[in-house]
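Observations on chain architecture
Each chain, letter by letter, is given below.
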Amino acid sequence: MGATAVPAHLTTYFTVPMPTTSIDSHQRYTDATFKNVTLTDATLTDTQFLDCTFTRCDFSNSALRSCRFVDCTFNDSALKMTALDGTAFAGTRFSKCNLLGVDWTKADWSGWAAKLNALTFDDCDLRYAVFFGLKLPKLTLTKCRAIGATFAEADLTEADLRDTDFAEASFHEVVLTKANFVGARNYAINLADVKSAGAKFALPEATRLLYYMDIDLIDPYTGQEIEGDRLDDFTS
């Protein structure tokens, strides 16, 4: 017997986007899914990505030149020491990504990119990242490792910085108005050196803020002055 034909009005068509396995310069990708793409030690120039998702991709030690990422998501991907020469990000989210040593000041923050919610980082490695002087109001940087990162002279107004490790990070002359540091740890911030009206800090970690004041911190048990390298004993 022949196969029974299915009436056209009962047929449902599903379009499933297939993962893209390569990325080329001077291209435009829209609603594309990239999985396990390796583009290390390479150069990508003038490529645009709109509503794209990158999962387990590796751009480490590559150069992204004049590229555009709009409403994109990076999951479990690596951009270690990636150069962002004139590359712009808007509405872009990084989750569980390794972004070691990225200099974000080299990206394009002019025009439309500066007016949009630029970046979201969640559970990422941002060690030694550079955000010097950038205007990043409402930045989301949660549950990250920002050890040794530079935020000096940046504008982090209303930034969400919860649960992030800021050991050895620089906050010189930064704007922290209404920023949220609840659950953050190991930060060293001189409140006389920054704008911090309305910023949120949680105890016991907030006792670190006392270190830069012109006061002596005394150990209540020994009566001796607490040195800066012993603050961890009282905040852990």
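A brief structural summary. On a predicted model such as this, the values are computed, not experimentally measured, just so you know. (Residues numbered from 1 in each chain as written. Predicted model: local features only at pLDDT ≥ 70, side-chain atom pairs only at ≥ 80, totals over all residues. Heavy atoms only, no water.)

A short note on the side chain of Ser62
Going by this rule: Helix and strand labels come from DSSP, where a helix needs a run of H or I of at least four residues and a strand needs a run of E of at least two; each type is numbered from the N terminus. Think of it in three bands: residues with accessible area under 20% of the maximum for their type are buried, residues over 50% are exposed, and the middle band is partly exposed, with areas taken using a 1.4 Å probe on protein chains only. Whenever a nitrogen or oxygen atom comes within 3.5 Å of another N or O atom, the pair is scored as a polar contact, on the condition that within protein one atom can donate a hydrogen and the other can accept it, and that pairs from neighbouring residues in sequence are kept only if both atoms are in side chains. Only heavy atoms matter for contacts: two residues are in contact if any of them lie within 4.5 Å across the pair.
For Ser62, the position within the fold is in the loop between strand E5 (53-55) and strand E6 (63-65). A residue is classified by how much of its surface remains accessible, and Ser62, at 4% relative accessible area, is buried. Only 3.1 Å separates the side chain of Ser62 from the backbone nitrogen of Ala42, close enough to count as a polar contact. If we skip the residues at most four places from it in the chain, Ser62 touches Leu39, Thr40, Asp41, Ala42, Met81, Thr82 and Ala83.

Considerations on the pattern of salt bridges
Selection rule: Any carboxyl oxygen of Asp or Glu that lies within 4 Å of a side-chain nitrogen of Lys or Arg is treated as forming a salt bridge with it.
Taken as a whole and assessed by the stated rule, the structure comprises nine salt bridges. Asp85 is the salt-bridge partner of Arg65, the closest N and O atoms lying 3.6 Å from each other. Of this pair, Arg65 sits in strand E6 while Asp85 sits in the loop between strand E8 (73-75) and strand E9 (88-90), placing them 20 residues apart in sequence. For Arg65, a relative accessible area of 40% translates into the label partly exposed. Judged by relative accessible area, Asp85 falls into the partly exposed class, the value being 33%. Of the charged contacts, one joins Asp160 and Arg162 as a salt bridge, the two residues approaching to 2.7 Å between their closest N and O atoms. Through salt bridges that share partners, Arg93, Asp122 and Lys143 make up one connected network.

These figures capture arrangement, not role.
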